[in-house]
Amino acid sequence: MAKRLSHYLDRVNRVHLLIMTILLLVCIGLEYYLNLALGITGAYAHLFYVPLFIAAFWWGFWGGLSVGIFLALIHLTSYLPDISQLVLAESLAFALVGSATGVIGSERIRAERKLRQAYDEEVKLRRDLQAEMERRVEFTRALVHELKTPLTPVLASSELLIEELRREPFLSLARNINRGALSLNEKIDELLDLARGEIGMLRLKLKQIDPSPLLRSIADEISSLVASQGQSLILDLSEPLPSVTVDENRLRQVILNLLNNACKFTPEGGTIVLRTKRRGTRLAIEVEDTGPGIPLEEQQLIFEPYYRARSGQIYSGGLGLGLPLCKTLVELHGGQMWVKSQENKGSVFGLSLPL
Ligand code: ADP
């Protein structure tokens, strides 16, 4: 009880409480001095409305009502035992006026509280924005690091190339430069695509195609990487496949991204499957691997930009842009992306395209 009272008192402005106590003491003084000592009745009681209105203004309905009842009791008891109808009516008026003006006071308090809430929300928003900006700065730092990594062989090779310009063989040096520059180019493109996708500026060049040749050529393209890592790739196409209306380059980009991730995470001797399934009015394309899998709580987060899962920490590279970009591209086609994964067993990344 004492705890609740002290909690309540903490919320009440102490200065207001002090002023109200003084005003009520003045009222009691008036009542007892003028009425009981000097026998003056009536008119001074109108002064009681001053603390009444103030209490209603500060504390709303309950403040107005309690001060009203308090003043009514003071007024009534000072006339005991002969309480006239006028005194009774005046006492009742204190309680009624106190609660009526209190209702208006409560409205004011509610409006003030709403305003304060809006202000607090604004402060929180500003704090969130600040945190988001800090996250962006952190991301830019990682980005700079990421862009510089493929640039290192370009710089080293080109420096060597300058030194060895007149001597053979130049071929492997030239290849290094080319590989580094291509990787850099891809990463910058990915970043730009994602930024465009976020503000709805990414456009597709749609065309009706037979997906089989596309999937076969993608499997061909990745086969040397798969072989070099001691993994095997299985192409499981439920042919004949229906034609789909897609941006061929973008679909290639998405599937290659999923296959590259699968290669990255599958251990030597593991298997990667590129599979198609017809699901009603949709064509599903899946990439399955026998990698470390992704914990359930991270499975949706990996589609958020800049998120890197625990599995990704095995590798120092990566900005967490690949999957969000794949998702954006698939959704632009009117399709969906998903992941099914079990830790220590592997993952299946899938996408569906409308037919
Ligand atoms: P990045 O571009 O950094 O590789 P992605 O968006 O492609 O990022 O992937 C996000 C995270 O999802 C990665 O950090 C990685 O941990 C996880 N991930 C993606 N594909 C796989 C996979 N096949 N197996 C396990 N984890 C994966």
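Residues numbered from 1 in each chain as written. Predicted model: local features only at pLDDT ≥ 70, side-chain atom pairs only at ≥ 80, totals over all residues. Heavy atoms only, no water.

### Section: the overall build of the chain
Alright, step 1. Broken down by element type, the chain carries 8 helices and 7 strands.
Alright, step 2. The dimensions of the chain, computed from C-alpha atoms along their principal axes, are 120 × 60 × 40 Å.
Alright, step 3. Expressed as a percentage of the 355 residues in the chain, the buried residues total 36%.
Alright, step 4. Across the chain, every contact between residues at least 6 apart in sequence was considered, and the portion connecting residues at least 24 apart equals 69%. (Helix = DSSP H or I, 4+ residues; strand = E, 2+ residues; numbered from the N terminus. Buried < 20%, exposed > 50% of the residue type's maximum accessible area, 1.4 Å probe, protein only. Contact = heavy atoms within 4.5 Å.)

### Structural notes on the environment of A111
Alright, step 1. Inspection of the secondary structure assignment puts A111 in helix α4 (residues 85-163).
Alright, step 2. Overall, A111 belongs to the partly exposed group, its relative accessible area being 47%.
Alright, step 3. Along the chain, A111 and E163 lie 52 residues apart, while their C-alpha atoms are 77 Å from each other.

### Focus on a nonpolar patch on the surface
Alright, step 1. Taken together, L18, I22 and V26 make up a surface patch of nonpolar side chains, about 290 Å² in accessible area.
Alright, step 2. Within the secondary structure layout, V26 lies in helix α2 (residues 14-37). (Patch = residues over 30% accessible without salt bridge, like charges linked within 9 Å, V, L, I, M, F, W, Y side chains within 5 Å. Areas by Shrake-Rupley, 256 points an atom, 1.4 Å probe, with all protein chains shown as cover. Salt bridge = Lys/Arg side-chain N within 4 Å of Asp/Glu carboxyl O.)

### Notes on the sheet that holds strand β7 (residues 346-354)
Alright, step 1. Within the open sheet, the 5 strands sit side by side as β2-β4-β5-β7-β6. Their pairing is mixed. Of all the strands in the sheet, the pair left with one neighbour each is β2 (232-236) and β6 (336-342). Here the strands of the sheet are splayed against their neighbours by 15° on average, with no regard to which way each runs.
Alright, step 2. Strand direction decides the pairing type here: strand β4 (residues 271-279) and strand β5 (residues 282-289), joined by 7 bridges, are antiparallel. Across the sheet, residue V273 finds its bridge partner in β5, namely E288.
Alright, step 3. Sheet strands in contact with helix α6 (residues 211-228) are β2, β4 and β5, and its direction is about 175° off that of β2. (Pairing = 2+ DSSP bridges. Axes fitted to C-alpha atoms, helices over the stretch in contact; angles between N-to-C directions.)

### Topic: the packing of α6 against helix α7 (residues 248-265)
Alright, step 1. For the pair α6 and α7, the least separation of the axes is 10 Å and the interaxial angle reads 35°. For the pair α6 and α7, the crossing hand works out as right-handed. Residues L214, L215, S217, I218, E221, I222, L225 and V226 of α6 form the contact with α7, whose participating residues are E248, L251, R252, I255, L256, L259, N260 and C263.
Alright, step 2. Among the residues making up the contact of α6 with α7, the classes are represented as 11 nonpolar, 2 polar and 3 charged. (Left-handed = near helix turned anticlockwise from the far one by under 90°. Nonpolar A, V, L, I, M, F, W, Y, C, P; charged D, E, K, R; others polar.)

### Let's talk about the side chain of R250
Alright, step 1. Within the fold, R250 resides in helix α7.
Alright, step 2. Look at R250 and you get buried, because its relative accessible area is 15%.
Alright, step 3. A distance of 2.8 Å separates the side chain of R250 from the side chain of Q253, its partner in a polar contact.
Alright, step 4. If sequence neighbours within four positions are ignored, R250 has contacts with D193, L202, L204, L329 and H333. (Polar contact = N/O pair within 3.5 Å; in protein donor to acceptor, adjacent residues only side chain to side chain.)

### Examining the pattern of salt bridges
Alright, step 1. Tallied over the full model, the rule gives 13 salt bridges.
Alright, step 2. A salt bridge links E286 to R279; its shortest N-O distance comes to 3.5 Å.
Alright, step 3. Judged by relative accessible area, which is 2%, E286 ranks as buried.
Alright, step 4. Owing to a relative accessible area of 38%, R279 belongs among the partly exposed residues under this scheme.

### Digging into helix α5 (residues 171-198)
Alright, step 1. Under the 1.5 Å per step criterion, the end-to-end length of α5 is 40 Å for 28 residues, consistent within 8% with the ideal 40 Å.
Alright, step 2. For α5, the set of buried residues is L173, G180, L184, D193 and L194. (Expected span 1.5 Å × (residues − 1).)

### With respect to the nonpolar core
Alright, step 1. Core analysis: the biggest nonpolar cluster contains 43 residues, and I255, L259, I285, I302, F349 and L351 have the highest contact counts within it.
Alright, step 2. Not counting chain neighbours up to four residues away, the residues in contact with I302 comprise I294, Y307, A309, L323, P324, V339 and F349.
Alright, step 3. One finds M20, L24, C27 and L71 within the second-largest nonpolar core, a separate group that totals 19 residues. (Core = buried A, V, L, I, M, F, W, Y, C linked by side-chain atoms within 4.5 Å.)

### Topic: the state of the cysteines
Alright, step 1. Counted according to the given criterion, the structure contains 0 disulfides.
Alright, step 2. Free cysteine C326: the closest other cysteine sulfur is in C263, separated by 14 Å. (Disulfide = S-S within 2.5 Å.)

### Let's talk about the pairing of β6
Alright, step 1. Here β6 runs beside β7; their pairing, made up of 7 bridges, is antiparallel. Along β7, the bridge assignment pairs S341 with S347.
Alright, step 2. Connecting β6 to the next strand, β7, in antiparallel fashion are 3 residues, including N344 with a positive phi near 65°.

### Things to note about the packing of aromatic side chains
Alright, step 1. A full pass over the atoms with the stated rule returns 7 aromatic pairs.
Alright, step 2. Here W58 and W59 contribute two aromatic rings whose centre-to-centre distance is 5.8 Å and whose plane-to-plane angle is 55°, an arrangement assigned as tilted.
Alright, step 3. The exposure class assigned to W59 is partly exposed, which follows from its relative accessible area of 22%.
Alright, step 4. The structure contains a cluster of three or more aromatic residues connected by ring pairs, namely Y44, F48, Y49, F53 and F94. (Phe/Tyr/Trp six-rings, centres within 6.5 Å; stacked < 30°, edge-to-face > 60°.)

### Examining unusual backbone geometry
Alright, step 1. L80 connects to P81 through a cis peptide bond whose omega is 0°.
Alright, step 2. Within the element layout of this structure, P81 appears in the loop between α3 (49-78) and α4.
Alright, step 3. At N344, a residue that is not glycine, the phi angle is positive and equals roughly 65°.
Alright, step 4. Its location among the elements puts N344 in the loop between β6 and β7.

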